[in-house]
Amino acid sequence: MKQPITGYHKDAEDHWVAELACGHGQHVRHDPPWMERPWVTTEEGRNNHLGVELNCVRCDEAGLKVATALLEECRKTLIESYESAGISGLCDEGQFESAVGSIQTLDLNKIVAKALSTTKG
Ligand SMILES: [Zn+2]
């Protein structure tokens, strides 16, 4: 997920870290010939790169965790609702409608919070 650079700081090893809008940090090393970022060595260069977007892997990971948790909750809720409607004597169509409707009851905040709580640490 692309995130704009909002600032910079140095880490304990004196390497520049770009601060991204999402709150995550990302090293922006100038370490030729492996990593060419001469702009990071000057204040002017760094200022010129404010607003430039970097791909934030940590945001990608968090997004994937949320998406995976949501898929799993949907699957679980659909199956439970479908089976429960079947036990209640609904026809196939009724079971299907019940299952689809059950997705509306999912607590997205809870799913997101639970998914991201396992990201930390
Ligand atoms: Zn991020």
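Residues numbered from 1 in each chain as written. Predicted model: local features only at pLDDT ≥ 70, side-chain atom pairs only at ≥ 80, totals over all residues. Heavy atoms only, no water.

Trainee: Can you help me understand the coordination of the zinc ion in this one?
Mentor: Six octahedral donors at a metal ideally form angles of 90 or 180 degrees, and four tetrahedral donors ideally form angles of 109.5 degrees. Every protein donor of the zinc ion is listed here as Cys22 (SG), His24 (ND1), Cys56 (SG) and Cys59 (SG), and their distances to the metal cover 2.0 to 2.3 Å. With four donor atoms in place around the zinc ion and angles of 101 to 119 degrees between them, the coordination shape is tetrahedral. Sequence positions of the residues that donate to the zinc ion give the spacing C-x1-H-x31-C-x2-C. Residue His24 is located in the loop between strand E2 (16-20) and strand E3 (25-27), and its partner Cys56 is located in the loop between strand E4 (53-55) and helix H2 (57-87); the two are separated by 32 residues in the primary sequence. Looking at His24, the relative accessible area reads 22%, which means it is partly exposed. With a relative accessible area of 2%, Cys56 lands in the buried category. (Donors = N, O, S within 2.8 Å, 3.2 Å for Na, K, Ca; no water. Tetrahedral: all angles 85-135°; square planar, octahedral: opposite > 155°, others 65-115°. Helix = DSSP H or I, 4+ residues; strand = E, 2+ residues; numbered from the N terminus. Buried < 20%, exposed > 50% of the residue type's maximum accessible area, 1.4 Å probe, protein only.)

Trainee: I tried to follow helix H3 (residues 92-102) on my own but got confused; where do I start?
Mentor: Every buried residue belonging to H3 is among Gly94, Gln95, Ala99 and Ser102, and all of these are buried. All buried residues of H3 project into a common sector of 135 degrees when viewed along the axis, lining one side. Facing away from the buried surface of H3 by more than 90 degrees, the exposed residues are Glu93, Phe96 and Glu97. In the core, the buried residues of H3 are packed alongside H2. (Arc of directions from axis to C-beta. Contact = heavy atoms within 4.5 Å.)

Trainee: Before we go on, may I ask you to explain the pairing of strand E1 (residues 2-10) in this structure?
Mentor: Within a regular strand, the side chains alternate between the two sheet faces. Bridge analysis of E1 against E4 gives three bridges, and the strand direction is antiparallel. Looking across to E4, one finds that Lys2 is bridged to Asn55. Pairing between E1 and E2: five bridges, direction antiparallel. Opposite Tyr8, over in E2, you have Ala18 as the bridge partner. (Pairing = 2+ DSSP bridges.)

Trainee: Got a minute to help me understand the packing of aromatic side chains in this structure?
Mentor: Think of a pair of aromatic rings as described by two things: how far the centres are apart, and how the planes are tilted against each other in angle. A full pass over the atoms with the stated rule returns two aromatic pairs. Here the aromatic rings of Tyr8 and Trp16 are separated by 6.5 Å at their centres, their planes lie at 85 degrees, and the arrangement is edge-to-face. Overall, Tyr8 belongs to the buried group, its relative accessible area being 17%. Linked through ring pairs, Tyr8, Trp16 and Trp39 together constitute an aromatic cluster. (Phe/Tyr/Trp six-rings, centres within 6.5 Å; stacked < 30°, edge-to-face > 60°.)

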